[in-house]
Amino acid sequence: MRRGGVGDPGAGNPTTALGIMGLVPDPPGEVLSGSVLFEGQDLLQLPEKNMREIRGGKISMIFQDPMTSLNPVMTVGEQIAEVVLLHSRMSKQEARKKAMEMLEQVGIPGGRCDDYPHQFSGGMKQRVMIAIALACSPELLIADEPTTALDVTIQAQVLELMRNLKREYGTSLILITHDLGVVAKICDKVAVVYAGEIIEYGTLEDIYTDKRHPYTIGLFDSLPDIENEAAELKVIQGMVPDPSNLPEGCKFHPRCPYAQEGCKHGRVEPVQISETHMVRCGRFRSGEV
Amino acid sequence: MLKYIIKRLLWIIPVLIGVTVIVFTILYFSPGDPAYLALGDNATPEAVEAYRVEMGINGTYWERLGRTLLGLLKGDLGISYRSRTPVLDELIVRFKVTFNISAWSIILGILLGIFFGIISALKQNTVWDSLATGCALFGISMPMFWQGLMLILIFSVWLGWLPASGYGDSWKQMVMPVIALGVNSSATIMRTTRSSMLEVMRQDYIRTAKAKGQSYWMVVLRHALRNAMIPIVTVIGLQLGVLLAGSIVTEAIFSVAGVGKYLVDSLNARDYAAVQGCVLLIAFVSAILNLIVDVIYTYIDPRMKTMYESAKVFHLPKKGAKSSV
Amino acid sequence: MKKHSMLSEIWRRFRKNHHAVVGLAVLVLFVLIAVFAEQLAPFGYDDQDASRAMIAPCMEYPFGTDNLGRDVLSRLIYGSRYSLSIGFLAVGISVLTGGFLGVIAAYYPKLDNIIMRCMDLFMAIPQMLLAMCIVTALGSSLFNLMLAVGLSSTPKFARVVRASVLATREQEFVEAARAIGAGNWRIILHHILPNSISSLIVQATLAMAGAIISASALSFLGFGIQAPMPEWGAMLSAGRKYIRTQAYLTVIPGLAIMVVVYALNVVGDGLRDCLDPRLKK
C-alpha cells in the first residue's frame, strides 16, 4: 500500500510523520491526544524503549534535506551499519558487509562505504539515506519530501529507485510531498491535509478525477495548465493559518469560496462518500452537494 | 598529511626567528643597563666592557641581533646574566615543573568543562543549566591571581589542609596551582561545549540518528559530541597558550620554581637573555601544541583532512585551510 | 530614522536578557563612581595615618584600612578610574590599530600576507608575555600599561576585523557600490565597516574584560601601576603580605575586579546574543 499526503507547507504533514516516530521536538511541540495504530499497537502509548526498537527497525524515515541529514564525521558505511547493528544480531563485520550491499542496492559502489558524506553529491546522499532506511527491511517507510531538495533529473532517479526498492522489500510507504506529480507517479491512496487534518482521503483515482473538497479543488486548479496558456495562475486566496492560532469550525472556512455561516462553528466530521472516498466538508453533511 | 605536518614544523623556524627579533628589539630598547645592574653603578668602564663581552652583549644592535640569531640556530639561547649558566639548562629544569602543572590543569579543565558543558546543553533552561553557566561566567571573570590567593586563604590559612607554596615535596603542593589554572580553562571550555552542543543537537543528522532507534545517550555521545568537539578542540588549543601565560601568575603566587616565575624574576633583574629564552620556549611549545591540535582536528573532522589533502594537490595556501575552521 | 529604529530594536532585544541589563547597570554605576570619585570617597586615596592602620571593616571604614592607615573604600573608589580607563583605552588602542591593519589586510591582497604573517608572529607570543615585555621596555606608568595591554591584543583584532571584512566584501551591495564608482576607502568606511561593526562591538566588550584582568595581573606582578596609586591589582599585591592576618585586604580589591569583569562579560554575552545574526533563531 502506498499512501501520499499532499498539502500546503505548514499544513502539518511533516509534524504528523515525526509524531508517528515519536520524534516531535519537545519543546515546543507535544502530542496531546490521538493515537497511532501500527500492527495493532498504539505507538504513542509505547514506552520509549520499545519505541526505539520500532524506529529504524519496523518503521523508518527519509528526511527532506539529505545535505544535513547525514552525520558529517562518520563514514556512510558506519552510518548504515549503525542501524543494522541496532536492530539485528549481526557482528560488526557482517554489518559492514550489509552496509556495502545496501549501497550497491541504491546504486552506489560498495567500495565507497569508507567515504564521508561530504564526498557525495546531494542525490547520492539521499540514496545513502534510503539505504539506511531500508537496511532493516522495515514494514513502513515514511518519506518526508524526499526529493524536494534535489535537482529535477535526480528527483526522477530517486523516485524510481524508491519505487523499485519498495516493491522488492515489500514495504508500505507514506510519502509526504507538495508535488502532485510525484503523488500521481507512486501513490495508491492520497490524503490531502490542511491545517493538521486530513480533509480528503481516497484512492489516487478518487482524488485526481473526483475531488470534492474545495481545498483539493483549489490545489489542483493552482497547477499550471500546459494546453491552456493562461497568463495568470489560479491561487487559493488567503494564507495558511498559524498552527498555534487555528480558526474555529472548519479550518478552511476563511479561504473557502463556498463558506457559509454553519462552517464557522463546531467540528466538521468526515463524510464517507464512497467506499474508498472520504471528505471533511460541511456541505456534504447537509447533503447539499 | 605527513607533508602538511612537515610543512607546519618547518614554519615554526621562521616564527621562532621572528619572535626572537621582536623580543630582542623590545628588550634592546628597555631602560637599565644589565652590566651596571650586575656590577653596581661605580664599576669601571673596563670591567663593564669585560662583562659585556663575557655575556655577549657588546656591540651594536645588528651585531647583537646577529649573534643572538646565530646562537638560536645552533640551539644556544645565551648565558643568563645572573647565574652565568646557559639559559637553556636553566629552562629545561624549570619547564618540567611548568609542564607538569599545566598538563594536569588542562586535563582538569577539559574534564570539568566538557562534562558540565554537556549537562548544561542537554538540560538547557533548567536550574542546572543556569547554575553551570553562572559558575562558568564567574570562572572567566575571576582574575587567576585572586582566585589563587583565595584558594590559599581557604585551604591554607583557614582550613590548613594544603601548603601555601612550593613544589616537588608533596603532591599536596600541586593541588592549588592546578585548580587555579584549570578552573579558569574549564570555564571557557564549558561555555564553548555548551553552545556547540546546543548547535549540534538541533541538526538534522541528530534526528536521523534518533530515527534509527539509537538510544538518547548514544545519540549524544556518538553523534552529537563528535561533531561538537570541532570548536571545542579549537578552544582547547587556545587555552593551552593561555595556560602557559597563566602559569606566570600562578607560579608567582604559589612560589613554584617554573618557567613563569623564572621569567618574572629575570625581567625584574633585567636578565634579558633569560627573558628571551623564556619567551622563545613558550612560543615554541605553543606552536607545537597548535600543530598537535590541528592534527587532532583532522581525526575529528574528515572534511579538514580532505581539505589538507587537496591543498597538497592544488597548492592552496595554508591560510585558506585554516581560516575555514 | 532607520538607524534609530535599528538601535531601538537592539535595545528591545537586549532588554529581554535580565542578566545583561543588570550587568549594564553595574557598569554604569562603576562609571559614575569613577567620575564622582572626589565627591564619593570619604578620604583621599593616599591619606596615611599610622594611628588607624589595619582596622578591620567596621561602620566607619566599611572595607577597613591598610597597613598605612589608608581607607580601603576610598582607594577602591579612586581605583575604579584606573581599571575602567585601562579597560576602555587599551581596547580602544587595539581596536584602532587592529582594525586598521585588518581592513588593510583584507582590502589589499598584496599586503595581506605580510600583515597577517607579522600578526601570526605576535600571536605566537602569549598576550600576557608580550604585554610584560612591552611595559618593561617602556617603563611602568598608567599610559604605558594601557599601551602594552592594548598593543598586545592588536593581532587578535586584526584577525577579527579582517575575517569580517573579507566576508562582507563578497556581498552584493559592495559590488553594487563599486559598480556606481565608489572608491576603496569610501566602500570601506560607508559600506563594509558598518556591517562588520556588530561583531567588533561584541569582541571589544569582551576584550575590555580581558584587558582589565591583564592590567591588574601586570600590576599585581609589579609591572604595572606602582604604589601609592590605588590600582586594584597593585592593592591586591600589597595586601597579599597580610593574607594571614588581614584577609580583607586581598579579598576586597579582587572582588571589585571580579564584579566589573563579570558585568562586562554579561553585557558582552548579551550584546552578542542580540547583535550576532548567526545566533538569531
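Predicted model, so just to flag it, every value in this text is computed and none were measured.

Topic: the side chain of A:E200
Residue and element names in this part refer to chain A. On the secondary structure map, E200 appears in strand β8 (residues 197-203). No salt bridge is formed by the buried E200. Its closest oppositely charged neighbour is R212, at 6.3 Å. Of note is the side chain of E200, whose polar atom sits 2.7 Å from the side chain of T216. Beyond its immediate chain neighbours, meaning those up to four positions away, E200 contacts V190, A191, V192, I207, D210, K211, R212, H213, T216, H277, M278 and V279.

Considerations on the interface of chain C and chain B
Listed as interface residues are 40 residues of chain C and, on the opposing side, 45 residues of chain B. Summed over both sides, the interface of chain C with chain B buries roughly 3,800 Å², with 77% coming from carbon and sulfur. Taken together, chain C and chain B are joined by one salt bridge. B:R191 serves as the salt-bridge partner of C:D269, at 3.0 Å between the closest nitrogen and oxygen. At the surface where chain C touches chain B, the tally comes to six residue pairs in polar contact (both at pLDDT 80 or more). Counting residues per element, the ones that place at least two in the side of chain C that touches chain B are α5 (109-124), α6 (127-138), α10 (184-221) and α12 (248-275) of chain C. With 12 residues, the single largest contributor to the side of chain C that touches chain B is α12(C). Among the residues forming the side of chain C that touches chain B, the class breakdown is 27 nonpolar, five polar and eight charged.

A short note on the pattern of salt bridges
All names here are of chain B. Applying the stated criterion across every chain, the model contains 18 salt bridges over all chains. Linking R94 and E90 is a salt bridge whose minimum nitrogen-to-oxygen distance equals 2.8 Å. Residue R94 and its partner E90 are both found in helix α5 (residues 87-122); the two are separated by four residues, about one turn of the helix. Where D129 meets R194, a salt bridge forms, and the shortest distance between an N and an O atom there is 2.8 Å.

Brief notes about the packing of helix α4 (residues 76-87) of chain A against helix α5 (residues 92-105) of chain A
Residues and elements named next belong to chain A. Direction vectors running N to C along α4 and α5 enclose 115 degrees, while the axes themselves pass 8 Å from each other. Crossing handedness for the pair α4 and α5: right-handed. Along the contact surface, α4 presents V76, G77, I80, A81, V84 and L85, while α5 presents K92, A95, R96, K98, A99, M102 and L103. A breakdown of the residues in the contact of α4 with α5 according to their chemical character gives nine nonpolar, one polar and three charged.

Some points on the environment of B:K305
Residues and elements named next belong to chain B. With respect to the helices, strands and loops of the structure, K305 is situated in helix α13 (residues 302-314). A relative accessible area of 34% means that K305 is categorised as partly exposed. Sequence separation of K305 and V295 is 10 residues, and the distance between their C-alpha atoms is 8.9 Å.

What counts as what
- Residues numbered from 1 in each chain as written.
- Chains lettered and ligands numbered in written order.
- Predicted model: local features only at pLDDT ≥ 70, side-chain atom pairs only at ≥ 80, totals over all residues.
- Heavy atoms only, no water.
- Helix = DSSP H or I, 4+ residues; strand = E, 2+ residues; numbered from the N terminus.
- Buried < 20%, exposed > 50% of the residue type's maximum accessible area, 1.4 Å probe, protein only.
- Lys, Arg positive; Asp, Glu negative; His and termini not counted.
- Salt bridge = Lys/Arg side-chain N within 4 Å of Asp/Glu carboxyl O.
- Polar contact = N/O pair within 3.5 Å; in protein donor to acceptor, adjacent residues only side chain to side chain.
- Contact = heavy atoms within 4.5 Å.
- Buried area = accessible area lost by both parts, 1.4 Å probe.
- Nonpolar A, V, L, I, M, F, W, Y, C, P; charged D, E, K, R; others polar.
- Axes fitted to C-alpha atoms, helices over the stretch in contact; angles between N-to-C directions.
- Left-handed = near helix turned anticlockwise from the far one by under 90°.

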